[in-house]
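Read off the chains here:
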Amino acid sequence: MDKQDSYDAIVVGAGHNGLTAACYLAKAGLKTLIVEKNEQIGGAAVSTEMYKGWIYSNCSYVCSLLRQEIIRDLELPKFGLQVVPYRGRVTFSDKGEYLASYDDAHVKRREVGRISPIDVDAYDRYYQLVMRQCRFIRPFLLRRAPDPTSMKPRDVGELMFLIKRIYDIGPRDVGEMIRFWTMSIGDFLDEHFEHELVKASMAGSGIIGTGLGVYSPGTAYVLLHHYMGDVDGSMGAWGFARGAMGAVTKALGAAFESAGGVIKTGSGLSEFIIENEKVRGVALENGDEYRAPIVASNLDVKRTILKHIGREKLPPEYVRAVERFKIRGSSGKLNLALDKMPSFPLLPENGDYFTGDFSCNTSLETLERAYDDWKEGRWSAKPYFDMLIPSKIDPTLAPPGSHMMSLFIQYAPYDLNVNGVRSADNWNDETRKAFADAVFDRIEVCCPDIRQRVLHAEVRSPADIEREVGLTEGNIFQGELTFDQLLFNRPIPGYAQYSTPIDGLYIVGSSTHPGGGVMAAPGANAAREILRRNGKGDLMPALAEEEI
Amino acid sequence: MAGEGSKFDVVIIGAGHNGLAAAATLGKKGKRVLVLERSGAIGGLATSYEISDGLPISRHAHLAYNLNPTVIAELGLSGKLSMRPLATIMLSDDARHVEIDGETIRFADGSAHPDGEAYKEIRNRIKKFAGLLAPLALRSPPDPGGGLSLAGAGEAMPLAALALKLRLMGKKDMRDFLRIVLSNIYDLALDDLPDGPLAGNLAADAVWGAWAGPRSPGTVFSLMYRYGCGGAPLLPQGGMGAVAGAFAAAARQAGAEIRTGVSARRVLIANDAVTGIETDKGEKISAGAVMSSAGAVQSMMLAGAEHFDVEAVRRIRNVRSKGMTAKVNILLKRAPDIPGLSKEQMAGRLIAAPTAIYVERAFTQAKYGEMPAAPIIEAVIPTLADGGDRHAVSAIVHYIPRNLKGGWDDAARARLTGLTIDTLARYWPDLRDNVERVDAFSPADIENETAAPGGHWHHAELSIDQLLTVRPVNQLSRYAFAVRGFYLCGASAHPGGDVSGAAGRNSALQLLNDGVLA
Ligand SMILES: Cc1cc2nc3c(=O)[nH]c(=O)nc-3n(C[C@H](O)[C@H](O)[C@H](O)COP(=O)(O)OP(=O)(O)OC[C@H]3O[C@@H](n4cnc5c(N)ncnc54)[C@H](O)[C@@H]3O)c2cc1C
Ligand SMILES: Cc1cc2nc3c(=O)[nH]c(=O)nc-3n(C[C@H](O)[C@H](O)[C@H](O)COP(=O)(O)OP(=O)(O)OC[C@H]3O[C@@H](n4cnc5c(N)ncnc54)[C@H](O)[C@@H]3O)c2cc1C
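All of the points below concern the structure found in this document. (Residues numbered from 1 in each chain as written. Chains lettered and ligands numbered in written order. Predicted model: local features only at pLDDT ≥ 70, side-chain atom pairs only at ≥ 80, totals over all residues. Heavy atoms only, no water.)

1. Points about the overall build of chain A
Working step 1: The secondary structure content of chain A amounts to 18 helices and 23 strands.
Working step 2: The globule rule puts the C-alpha radius of gyration for 548 residues at 24 Å, and the 23 Å found for chain A is close to it.
Working step 3: If one aligns the C-alpha atoms of chain A with their principal axes, the spans along those axes are about 65 × 55 × 50 Å.
Working step 4: The buried share of chain A, reckoned over its 548 residues, is 65%.
Working step 5: When contacts within chain A are restricted to residue pairs at least 6 apart in sequence, those whose partners lie at least 24 apart make up 72%. (Helix = DSSP H or I, 4+ residues; strand = E, 2+ residues; numbered from the N terminus. Rg over C-alpha atoms; globule rule 2.2 N^0.38 Å. Buried < 20%, exposed > 50% of the residue type's maximum accessible area, 1.4 Å probe, protein only. Contact = heavy atoms within 4.5 Å.)

2. Here's the deal with the site of ligand 1
Residue and element names in this part refer to chain A.
Working step 1: Around ligand 1, 35 residues are found, and the nearest of them are Glu36, Val62, Leu269, Ile476 and Ser510.
Working step 2: Between a nitrogen atom of ligand 1 and a main-chain N or O atom of Val62, the distance comes to 2.7 Å.
Working step 3: At a separation of 2.8 Å, an oxygen atom of ligand 1 approaches a polar backbone atom of Gly517.
Working step 4: Contributing elements (two or more residues each) for the shell around ligand 1: helix H1 (16-27), strand S2 (32-36) and helix H17 (462-469).
Working step 5: Of the residues assigned to the shell around ligand 1, the class counts are 16 nonpolar, 16 polar and three charged. (Near = heavy atom within 4 Å. Polar contact = N/O pair within 3.5 Å; in protein donor to acceptor, adjacent residues only side chain to side chain. Nonpolar A, V, L, I, M, F, W, Y, C, P; charged D, E, K, R; others polar.)

3. Points about the interface of chain B and chain A
Working step 1: Taken together, the 39 residues of chain B in the interface contact 41 residues of chain A.
Working step 2: Together, the buried faces of chain B and chain A total about 3,900 Å²; carbon and sulfur atoms form 51% of this surface.
Working step 3: If you sort the residues of chain B by the area they bury against chain A, Arg175(B), Arg179(B) and Tyr368(B) come out on top, with a joint share of 17%.
Working step 4: At the boundary of chain B with chain A, the tally comes to 12 salt bridges.
Working step 5: With its nearest N and O atoms 2.7 Å apart, the salt bridge here joins Glu176(A) to Arg315(B). (Buried area = accessible area lost by both parts, 1.4 Å probe. Salt bridge = Lys/Arg side-chain N within 4 Å of Asp/Glu carboxyl O.)

4. What to know about the pattern of salt bridges
Residue and element names in this part refer to chain A.
Working step 1: In the structure shown here, the tally under the stated rule is 88 salt bridges over all chains.
Working step 2: With a closest N to O distance of 2.7 Å, Arg138 and Asp230 form a salt bridge. Here the residue Arg138 occupies a position in helix H4 (residues 119-141), and Asp230 occupies one in strand S8 (residues 230-231), the gap between them amounting to 92 residues.
Working step 3: Since its relative accessible area comes to 22%, Arg138 is described here as partly exposed.

5. Looking at the site of ligand 2
All names here are of chain B.
Working step 1: The full set close to ligand 2 counts 34 residues, and Asn18, Glu37, Leu63, Trp457 and Val499 are the nearest of them.
Working step 2: In the environment of ligand 2, an oxygen atom lies 3.2 Å from a nitrogen or oxygen atom belonging to the side chain of His17.
Working step 3: For ligand 2, whose accessible area on its own is 1,000 Å², the fraction buried by protein is 98%.
Working step 4: Elements that contribute at least two residues to the shell around ligand 2 include exactly helix H1 (17-28), strand S2 (33-37) and helix H16 (443-450).
Working step 5: A per-class count over the shell around ligand 2 returns 15 nonpolar, 16 polar and three charged. (Areas by Shrake-Rupley, 256 points an atom, 1.4 Å probe, with all protein chains shown as cover.)

6. Brief notes about the sheet that holds strand S12 (residues 269-275) of chain A
All names here are of chain A.
Working step 1: If you walk across this open sheet you meet the three strands as S12-S13-S14, and the pairing is antiparallel. The open sheet has two edge strands with one neighbour each: S12 and strand S14 (289-291). With direction set aside, neighbouring strand axes in the sheet form an average angle of 25°.
Working step 2: Relative to strand S13 (residues 278-284), S12 is paired through six bridges, and the arrangement is antiparallel. By the bridge assignment for S13, Glu275 is matched with Lys278. (Pairing = 2+ DSSP bridges. Axes fitted to C-alpha atoms, helices over the stretch in contact; angles between N-to-C directions.)

7. As for a nonpolar patch on the surface
Working step 1: Side chains of Met151(A), Val156(A), Met160(A) and Ile163(A) sit close together on the surface and give an oily, nonpolar patch of about 390 Å² of accessible area.
Working step 2: Classification of Val156(A) as partly exposed rests on a relative accessible area of 32%. (Patch = residues over 30% accessible without salt bridge, like charges linked within 9 Å, V, L, I, M, F, W, Y side chains within 5 Å.)

Taken by themselves, the reported measurements are silent on function.
Here's what the structure looks like:
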């Protein structure tokens, strides 16, 4: 074999986590190769041209979770990353009401007070509570999850760190924390607020990407998962990456190449080469083979294990556990090229909300009913959407005067139910169009001329997302964010520290702790584990505040 | 202060089985106890009445599966109780009912069930973990305020013991426990079972009384709670009233006085400490402590919200108690005849929950305040075992919302009756013209009769965010309820409801331990 074809480490998949892991491996001096099936790197964080002159992010579209420590450490701004914070947002109800939200805390209070004076103070308390939980969780994102069954000093140390953090927050707040982490976002909001629209406007983050309803316990955590990020140090804020989300992965790719790494796109992994329970490299679909003693998979755990490794090579119990891992498609996307700015007759002109996101959900009940449809294999009759007009923030994304609009839609099933048969094959042009129509009907609540504005529309069902990006079922987090799949349970109890039963094979994508979103934490944590296990732990920069 | 002349050390509000358990526990320690019960009879949610002359039937709760053996032993109840174990029959549309009798799982016709082993594997695993958690039900919840002091370390003991036991189970079980304890029963069952009566059994047993469907995270825990004492269903002779009767007898033997038809109007408080109680008749009874088996909000109102800090008031007001369970008792004209079941099998615990998804769908409708098209039902025909010729059905009908759209009135109650009969008649067609009389108790009726908040099975939803140190609310979980000498002793306190006696007994021990009665 050609010597060129062997590396110190190979990363399969150029999603942002694969890129992040690869950066750290390359910076530690490993000769590192990334292989990516698509022509383009980025996975679920890319920018592409949708329609002559309209640039968009077909999957992830907004940024907040990306760890500041990693942005700084890998000097991503130097490689072109710039995140512009939203300045407002707005939620509409079916009844012609709207509730806007603004960066400016005072304006925000006045706005809540406009529709519900009693909820103004409640908002402060609510916000404080959520932020307290965020502050608690953030230090864990860049640490490894302790294995509670292990007596190894590192695991005991991590466990003690967790216990100490809990102890530090004091008895009263421990109770509040237990409640917050286990309750439903619906119950949590019901406890705080009176006005349905106030509640509805805040509930969306509890269900995005999740196969749970607003009244399912555990959804308050999902909300937290969306709040624990920041933009320029403003916790909980969301922003927009200039040039769309591909800017994140382009910057990571450039950082990787500047550290000497090699990226090969255009042919996917066929299988991992495994000899004597040890990984030796990868075989690609185009027949190429590359060798390395370390292989890191950016694919979700189900794909990595069930599609690219012969079952006979793995312990049956582990395979069973992987089969049980829940990756459920529940979201779709609608991307629109618009000839000009659509009208929002309910809104005062030129508000800050035009650079933020829009949604239309009247009440928690509307949201819960949207979930019920999904449970039965149908898209929601009244879907929840998170809508953004990125070209309002970054005019380079669409030709002058025209606009790009992006909608994230919850809920759409992967295995669509048509006449009692549930199958991903039921997604076709006809069902996709009917799905888009349901969404357009909802957009019209706030934006009555939307259908006239559309030059080009692109609908993506969970099945489409799976096919294009390789996310199983199109699940945005590479696995549900429920308790049984978080921390030391993610992805598989006993294998929560990025390793697999195959020596040298690691999993570095969002299926691992701390989970999905464009966060880069799984990739960085995994790199730390890989380097440590190969005796190079000291070459990994300390990203967490306190190392153990 | 309890004055010199005061006859009682403790007044207990409510003669539900928990109030009585508290009374018996205190009485045995030499305390003078008075129990006040607003209704004309003792028992609360655990009572019997005669549906026909000489034919007693449970009014609400009807099967004992969680009666705590420690409580039975401490209060000497075993001689006072007569209960018979029941097999469970999962009714099936095609009359191929499934019988679950301990370790024997088979079709009702005796043939082997292909999924029996898989079912047992799941159930027994949950039972094993339930056994691990069981000791927590017999202690006050750990006090996170104990901190790292010596007392705090003592508080953490039960948790440390639990952690140790977990470790001793071995890595595999420990990991499995940590993975499933907060998850949902629907996925757990269907990961290893096809959807059918056996999955339906796990789903249904995880949700009786709950405002949650089997897909809701937390339902594996609620099944563990049900299995805490093994979970085998026992049918009390004479109905559940007999069980409450045994608690009452134990309380009386221990010297407690029980007055029925007397309601507590307010708790008397001076200098931030309880001094006694005022009844609805205006009588003032002084005592050093008052224990309440009313719900959390109701108890707070009895003492007066002004004695609670604002955060406590807010938390208590937010306790979720959305009742979801109705009771329907049916007097039959003649002996029942259910196709596919022998007479012995008909005398078992009959469950209408043919699949797990059926259970979820029932919840999906009920959560919006609608009566589900097909509810889940747990029915027993207690008379069959007694050998008489008069028969009656005792049926728990689940996912019948307290907050029914349009409210509860006679018409709604008639719909509940019709729904119950229709649902049972799917498996038991002969029922339709075998009905002599029906007594239907909606959750609203149950609330009116027993004062249980929302008519809720557990007085307060038994969800993870209302458990242990946050039951009924954060910082008030150790029975002592904000005012010195005021205690909760009913189902809304730790560990929760069911006819178990744990809450009553624990609260009494906590009161004694706190030194309030010195
Ligand atoms: C519709 C949608 C909207 C979202 N919106 C947001 C958002 O606004 N903000 C946010 O923070 N997060 C969002 N997310 C979530 C976020 O995008 C993902 O969680 C994250 O990008 C996953 O990154 P990853 O590196 O772990 O995996 P991926 O990005 O999935 O990377 C996996 C990579 O592996 C490649 N691959 C797959 N199979 C093979 C193979 N056989 N051989 C070689 N390569 C292969 C894929 O092409 C891909 O490049 C969204 C996700 C979706 C789907
Ligand atoms: C329909 C239904 C079916 C059930 N089935 C079962 C079953 O089969 N098996 C099982 O184990 N559990 C069952 N349960 C649950 C179980 O019955 C209860 O959790 C348990 O009985 C609660 O006991 P308790 O003593 O805490 O409260 P309760 O039994 O509710 O007693 C509280 C008492 O306090 C009294 N009270 C309230 N306020 C005052 C006042 N101001 N002054 C004086 N007295 C007052 C009430 O009248 C009542 O008697 C069922 C519940 C319901 C609703």
